[in-house]
2 protein chains.
Amino acid sequence: MTQAASLEFWFEFGSNYSYLSLMRIEELTEAAGVPLLWRPFLLGPVFRELGWSTSPFVLQEAKGRHMWRDMERQAQKYGLEWRRPCVFPRAAVLPMRVAVLGAEETWMGEFCRRVMRRNWVEDREIDDAAAVRAALAGLVPDPDAVIAAALEPGNKLHLRANTEQASRRGVFGAPTFFVGDEMFWGNDRLEDAIACAAACRQARAI
Amino acid sequence: MTQAASLEFWFEFGSNYSYLSLMRIEELTEAAGVPLLWRPFLLGPVFRELGWSTSPFVLQEAKGRHMWRDMERQAQKYGLEWRRPCVFPRAAVLPMRVAVLGAEETWMGEFCRRVMRRNWVEDREIDDAAAVRAALAGLVPDPDAVIAAALEPGNKLHLRANTEQASRRGVFGAPTFFVGDEMFWGNDRLEDAIACAAACRQARAI
């Protein structure tokens, strides 16, 4: 009866502030006793629906300049390795499809952290089979079988449905967190969202 | 030699997140031993220079929707009274001009908090002589003399110069904090900016 509400984590591998949340979220939600629901979605279509051709950090030069410095400082504050990648935003469709498939699997967290590290620490491409295979290595018996399953039409549609749901619910950036209908935008709100989930009884939320 | 660097606080009375910082900043900087430099500027011309006709919270509906809920939650977190005003963003030219005049006066903090409370708690207009007179009452011997001084050409130019300096230094929203050339955007970075100023020796900053 006093069980915490779940926290929905809407994220994208190509999103820099998603990196700061993704590297910390499993540890923080576990410590708070809050169930974590992974919600991978594609930021590109959400941005296009809002009339933006790419990331606001690219479209708005001053905002982008501040963001790169902010990322350095924030990563340092959290004790996370970080390097500004030479490509931004990096395409991430294949690993996002695998994330949809893995959302309820035990390997999800580690897989996602490896993809994020590859983009934001190693500055390497993430949207190809070799990258995804490397991220799955040792976590699943047959990485190629997982990649094949991720490429099946039903799974592709699942990622598209997530993305459409994000737009419908008012998501305009990543990371975004939901506790029931309560929406929190940005890595700066991760702790608030977890506190909200911990304080809400399951019955109040979805 | 080990004196803390100063913190520049760039703000606007019409900016909602400036409210959250302004109500807290004197207490926080005093506790940290950080000299506070008030930097009033007009957000409207900065937005227009960036190609926006008004606040991004008005132009981007989803972002605006989230912001209003976020403000409720953040104000509650800080223990600040808050009400969503019926006009947003509220014009603030006259009180901003008075703020330019008062930036180095002992009444600055209390004057600014009163103007902010009027906009964000009482939901009343702030851009007229009656509002500014009320905010100055008891703080200066002759509020009308201060208003008259604020309306002098040199003081008007001072506010314009602040605004132009903001754009030139890469400010794209409010509040913004500077410690030397180090820029921090948003109320969420107030504590980081103060910590940075406290850690920096005066010599490193301006």
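Above this text sits the structure in question.
In this text, all values refer to a predicted model and were calculated from it rather than measured experimentally.

S.K.: Can you help me understand the relation of the copies chain A and chain B in this one?
M.R.: The operation linking the two copies of the chain is a rotation about an axis combined with a translation along the axis. Overlaying chain A on chain B yields an RMSD of 0.0 Å, the required transformation being a rotation through 180° with an accompanying axial translation of 0.0 Å. The relationship between the two copies is best expressed as a two-fold rotation axis. Every residue of chain A has its C-alpha some distance from the rotation axis, and the shortest such distance is that of A:Asp188, at 3.6 Å. An overlap of 100% is found between the interface residues of chain A and their copies at the interface of chain B, pointing to a shared contact surface.

S.K.: Help me understand the interface of chain A and chain B in this model?
M.R.: Size of an interface, as often reported, equals the accessible area lost when the parts are brought together. Listed per partner, the contact involves 20 residues of chain A and 20 residues of chain B. Regarding the contact of chain A and chain B, the summed buried area is about 2,000 Å², with carbon and sulfur atoms giving 46% of it. Sorting the residues of chain A by area buried against chain B places A:Lys63, A:His66 and A:Arg189 first, and these three jointly supply 27% of that buried surface. Inspection of the region where chain A meets chain B yields 10 salt bridges. Between chain A and chain B we count 16 residue pairs in polar contact (both at pLDDT 80 or more) in total. Among the elements of the structure, α4 (61–78) and β4 (182–185) of chain A are those that each provide at least two residues to the side of chain A that touches chain B. Here the side of chain A that touches chain B gets 9 residues from one element, more than from any other, and that element is α4(A). Tallied by class, the residues present in the side of chain A that touches chain B amount to 6 nonpolar, 4 polar and 10 charged.

S.K.: Is there a simple way to explain helix α5 (residues 93–102) of chain A in this structure?
M.R.: Quick reminder: α-helices carry 3.6 residues per turn. Residues three or four places apart thus point the same way. All names here are of chain A. α5 sits mainly inside the fold: 8 of its 10 residues count as buried. Regarding α5, the residues found buried are Leu 94, Pro 95, Met 96, Arg 97, Val 98, Ala 99, Val 100 and Gly 102. For α5, the secondary structure elements touched by its buried residues are β1 (7–11), β2 (36–40), α6 (108–120), α7 (129–136), α8 (143–150) and α9 (153–168).

S.K.: Can you help me understand the pairing of strand β1 (residues 7–11) of chain B in this one?
M.R.: All names here are of chain B. For β1, the tally of buried residues reaches 5 of 5 residues, placing the bulk of the element in the interior. Here 5 bridges tie β1 to strand β2 (residues 36–40), and the two strands are oriented parallel to one another. What sits directly across from Phe 9, in β2, is Trp 38. Each parallel crossover has a hand, and for β1 linked through helix α1 (residues 16–32) to β2 it is right-handed. Here β1 pairs with strand β3 (residues 176–179) via 3 bridges, running antiparallel. Opposite Glu 8, over in β3, you have Phe 178 as the bridge partner.

Parameters and conventions
- Residues numbered from 1 in each chain as written.
- Chains lettered and ligands numbered in written order.
- Predicted model: local features only at pLDDT ≥ 70, side-chain atom pairs only at ≥ 80, totals over all residues.
- Heavy atoms only, no water.
- Least-squares fit on C-alpha atoms with pLDDT ≥ 70 in both.
- Contact = heavy atoms within 4.5 Å.
- Buried area = accessible area lost by both parts, 1.4 Å probe.
- Salt bridge = Lys/Arg side-chain N within 4 Å of Asp/Glu carboxyl O.
- Polar contact = N/O pair within 3.5 Å; in protein donor to acceptor, adjacent residues only side chain to side chain.
- Helix = DSSP H or I, 4+ residues; strand = E, 2+ residues; numbered from the N terminus.
- Nonpolar A, V, L, I, M, F, W, Y, C, P; charged D, E, K, R; others polar.
- Buried < 20%, exposed > 50% of the residue type's maximum accessible area, 1.4 Å probe, protein only.
- Pairing = 2+ DSSP bridges.
- Right-handed = clockwise from strand over helix to strand, strands pointing away.

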